[in-house]
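Secondary and tertiary structure notes
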Amino acid sequence: QSWTVVPDFTHHAHSASLSAVAVNNRYVVTGSRDETIHIYDMKKKTEHGALLQHNGTITCLEFYGTAHLLSGAEDGLICIWNTKRWECLQSIRAHKGHVTSLSIHPSGKLALSVGTDKTLRTWNLVEGRSAFIKNLKQNAHIIKWSPKGEKYVTVITNKVDIYKLDTASIIGTITTEKRISSLRFITDSILAIAGDDEMVRLYSCDSQKCLSEFKAHENRIKDIYGFEREGQHVIVTASSDGYIKMWNLDLNKIKDVPSLLCEVNTKARLTCLAVWLNQASETKENSDKAAPSPQAGENDFSSIVRKKKVCWNDKSDKAPKRRTISEKQKLKVPLQKEEKE
């Protein structure tokens, strides 16, 4: 059964091209090269406001549940936002270069980030501190947790390294011919990978072998998304050719080419993609992790949100310095430069 696509809400908010987009059950947020983040209320179909904390292109956005948003940018900062009042709870000096990608663990207790300083950093969100720093041989531009949070992957140009959480060691590597632009977990063991060609490839995380591939577009694929609806796995692709396409993936017949559910020509040069699922229609997201309940999200961030003070520790060469702010106080400046990693 084919689907139909109709424009529902269009808004020209940014003065430059979009670089990142994220969704939760109510809001869509977009980041741009104009250094701003814009918020849209999907229930009211209106623009909700703008966030102006970063100085640099917004490179990554990710919601956790209904209460929190994390943003990263070329200024090296990761900001934690309360989505109830849309205020910045904390601004972390995360990387010495750009923040290129971040990912929140399904439990909400850990976050990973990579940047142009050739490091992979683990953030303890419960205690609010830097937990671990791993030096990489090259700059990684994508990092992703698996849906169960037992492993994570990094992307460096055309190479995917698969890490096991328990040991933080590489358990496998996937190499493609072209640069990888986007990657999504379809299940905990199947990765969908798209890059600077017209193909979507499905790989096994266990064997690192290509399970299937199909031509999705006439130009390179910029972003890929996945969700589950009534037991049906759907892959959504966006390309520089201006088309958004939705594919029905049958995991029992994974070698078969997925059937095309619908396509729409946006007549725009697409850069990023997200899918907002209306919770009333009993849809279930399956992009990177099962969508956590609002209560779970608030509990896991309890030390950041519910306490009167917010504390982040930064590891320095000598003793860690401590900075405390009121929850209601909106941060205007990042951590001081002398607090070196």
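Residues numbered from 1 in each chain as written. Predicted model: local features only at pLDDT ≥ 70, side-chain atom pairs only at ≥ 80, totals over all residues. Heavy atoms only, no water.

As named in an unreviewed UniProt entry, the protein chain is p21-activated protein kinase-interacting protein 1-like, taken from Calypte anna. On record in UniProt, under Subcellular location (unreviewed entry), the comment for the protein chain is "Nucleus, Nucleolus". (UniProt positions renumbered as here; feature names shortened; annotations may be inferred.)

Digging into the packing of aromatic side chains
All told, the structure shown has five aromatic pairs when counted by the stated rule. Seen in terms of ring centroids, Phe-9 and Tyr-40 are 6.1 Å apart; in terms of plane orientation they differ by 65°. Their pairing is edge-to-face. Taken together, the residues span a long stretch of sequence, with Phe-9 in the segment before strand E1 (18–23) and Tyr-40 in strand E3 (residues 37–41) at a distance of 31 residues. Residue Phe-9 is classed as partly exposed on the basis of its relative accessible area of 26%. Residue Tyr-40 is classed as buried on the basis of its relative accessible area, which comes to 7%. (Phe/Tyr/Trp six-rings, centres within 6.5 Å; stacked < 30°, edge-to-face > 60°. Helix = DSSP H or I, 4+ residues; strand = E, 2+ residues; numbered from the N terminus. Buried < 20%, exposed > 50% of the residue type's maximum accessible area, 1.4 Å probe, protein only.)

Structural notes on the nonpolar core
Val-28, Tyr-225, Phe-227, Val-234, Val-236, Met-246 and Val-275 are the most contacted members of the largest nonpolar core, which has 18 residues in total. Those elements giving two or more residues to this core turn out to be E1, strand E21 (221–229), strand E22 (232–239) and strand E24 (259–265). If one sorts the elements of this core by residue count, E22 sits on top with three residues. Not counting the four nearest positions on each side in its chain, Val-28 is found in contact with Val-21, Ala-22, Val-23, His-38, Ile-39, Tyr-40, Met-42 and Trp-276. Ala-22, Ile-37, Cys-79 and Trp-81 belong to the second-largest nonpolar core, a separate cluster that totals 16 residues. (Core = buried A, V, L, I, M, F, W, Y, C linked by side-chain atoms within 4.5 Å. Contact = heavy atoms within 4.5 Å.)

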